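Examination of the molecular architecture
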Amino acid sequence: MILESHKLKKSYRDKGRLISAVHDVSLRIAAGEVAAFLGPNGAGKTTTIKIIAGLLRPDEGWVRICDRNPHKNQSALKLLGAVLEGNRNLYWRLTPAENLEYFGVLRGLSPRIVQQRSHVLLERFNLAHKAQTIVGALSRGMQQKVAIMVALIHQPRLLLLDEPTLGLDVEATEEVKQLVREIASQGCAILLTTHQLAIAEELADRIAIINQGKVIMEQATHDLIRQFSGSAYQIELEVSLDPARRLKLENLGTDIETETKLRVSNLAALYQVLALLKPLPVLRIQKEEANLTDIFLKLVREQ
Ligand SMILES: Nc1ncnc2c1ncn2[C@@H]1O[C@H](COP(=O)(O)OP(=O)(O)OP(=O)(O)O)[C@@H](O)[C@H]1O
Ligand SMILES: [Mg+2]
């Protein structure tokens, strides 16, 4: 495991009151895995990420990054790159090239290595043409990419991304998604938070949902979708149903939604219905799949 967190607890003191922000959060992420951390506003995602990044000390529980505890062993921080909310890991008055140089050297890399890696990163992130423009004058999507580059300069094993696509346009979002995939495919473990559930569904191998400081579900993405998907199929025809077939289908208990759309409750019924439909041309047959938004809302509301 690249990342293990065990029963993290954190409370904040607010006007004398103790607010429990994170309660028993345990997470595990392997090399090459993308995990999405989802939850409503105030659920405790950023707090957890800050604890993992060594920026906040947990009241209880522990973190290990490649078996090293970042709260006890500073060397664990070398294995980690983080982009927090609002990419505050950048100097806005410096250029991307200068940011990479500054943070690379700060991380203990030689100037020569920093220069080589900066060159590769700027090319790969498609930002070579902006290498000498100050970060403050870049678009939000470009700034986000620079923030991710800076987090990667020391080649971490774990990358933490807090809302990496917040406020990005369609194209920049696609680009960041593609980069996250690439970084993971090279063996980096990635923990990201997002409120864009379609992105989590597409990118993440595993999903953890946190609500009011507690992890209420943690599973492989496709297992989760399958678990909530049921067994129904939708059939779409290229032509309208004739009255005789329609009657037979109704007698079988088929749900006839329109002249060309049917819904059957399970696989056995699907084959019965197909036998009845033969030889009408079928446009598509599709299993009904739950989407992450429905699942998320159901789980969070049930709690
Ligand atoms: N510095 C702080 N002082 C006091 N309370 C805080 C502090 N930071 C966070 N909290 C509280 O801790 C809880 C968790 O906040 P956190 O920022 O971790 O949520 P989040 O899941 O990242 O939310 P969002 O989706 O809005 O980013 C909230 O109740 C928040 O008000
Ligand atoms: Mg947050």
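Source: prediction; values computed, not measured. (Residues numbered from 1 in each chain as written. Chains lettered and ligands numbered in written order. Predicted model: local features only at pLDDT ≥ 70, side-chain atom pairs only at ≥ 80, totals over all residues.)

**Concerning the pairing of strand β7 (residues 189-193)**
Within β7, five of the five residues are buried, which leaves it mostly tucked inside the rest of the structure. Across four bridges, the pairing between strand β3 (residues 34-38) and β7 is parallel. Across the sheet, V34 pairs through a bridge with I190, a residue of β7. Note that strand β6 (residues 158-162) and β7 share five bridges and pair parallel. Bridging from a neighbouring strand, L160 pairs with L191 of β7. Remark: the β6/helix α5 (residues 170-185)/β7 crossover connection has right-handed handedness. (Buried ≥ 20, exposed ≤ 12 C-beta atoms within 10 Å, placed from the backbone. Helix = DSSP H or I, 4+ residues; strand = E, 2+ residues; numbered from the N terminus. Pairing = 2+ DSSP bridges. Right-handed = clockwise from strand over helix to strand, strands pointing away.)

**As for helix α3 (residues 111-124)**
The end-to-end C-alpha distance of α3, which contains 14 residues, comes to 20 Å, matching closely the 20 Å that a straight helix rising 1.5 Å per residue would cover. Contacts made by the buried residues of α3 are with α2 (96-106) and α4 (140-152). One or two steps after α3, the chain reaches N126, where phi turns positive at roughly 60 degrees. (Expected span 1.5 Å × (residues − 1). Contact = placed C-beta atoms within 7 Å.)

**Some remarks on the sheet that holds strand β10 (residues 233-237)**
Pairing is antiparallel across the open sheet formed by four strands, whose spatial order is β11-β12-β10-β13. This sheet does not close on itself; its edge strands, each paired only once, are β11 (255-256) and β13 (282-287). As paired strands, β10 and strand β12 (residues 261-264) are joined by four bridges and run antiparallel to one another. In the sheet register, I235 faces β12, and the bridge partner there is L262. Across the sheet, helix α9 (residues 267-277) touches β10, β12 and β13, and the angle it forms with β12 is around 145 degrees. (Axes fitted to C-alpha atoms, helices over the stretch in contact; angles between N-to-C directions.)

**A word on the domain arrangement of the protein chain**
Annotation of the protein chain at the domain level lists domain 1 (3-226) and domain 2 (231-287). Spacing between the C-alpha centres of domain 1 and domain 2 amounts to 47 Å. (Domains from an automatic or database assignment.)

**With respect to the site of ligand 1**
Inspection of the region around ligand 1 gives Y12, D14, I19, A21, G39, N41, G42, A43, G44, K45, T46 and T47 as its neighbouring residues. Breaking the shell around ligand 1 down by element, the ones donating at least two residues are β1 (3-14), β2 (17-29) and α1 (45-52). When residues in the shell around ligand 1 are grouped by element, the largest group, three residues, is from α1. Each residue belonging to the shell around ligand 1 can be placed in one class, and the counts come to four nonpolar, six polar and two charged. (Near = placed C-beta within 6 Å. Nonpolar A, V, L, I, M, F, W, Y, C, P; charged D, E, K, R; others polar.)

**Quick notes on the environment of K248**
Its place among the elements puts K248 in helix α8 (residues 243-251). Linking K248 and L276, residues 28 residues apart in sequence, is a C-alpha distance of 7.8 Å.

**With respect to the sheet that holds β2**
Taken together, three strands build an open sheet; the order of strands is β2-β1-β4 and the sheet is antiparallel. The open sheet is flanked by β2 and β4 (60-65), the only strands paired with a single partner. Each neighbouring strand pair of the sheet contributes to a mean axis angle of 25 degrees, computed without reference to strand direction. As paired strands, β1 and β2 are joined by ten bridges and run antiparallel to one another. What sits directly across from S11, in β2, is S20. Packing of α1 onto the sheet brings it into contact with β1, β2 and β4, and relative to β1 it is tilted by some 120 degrees.

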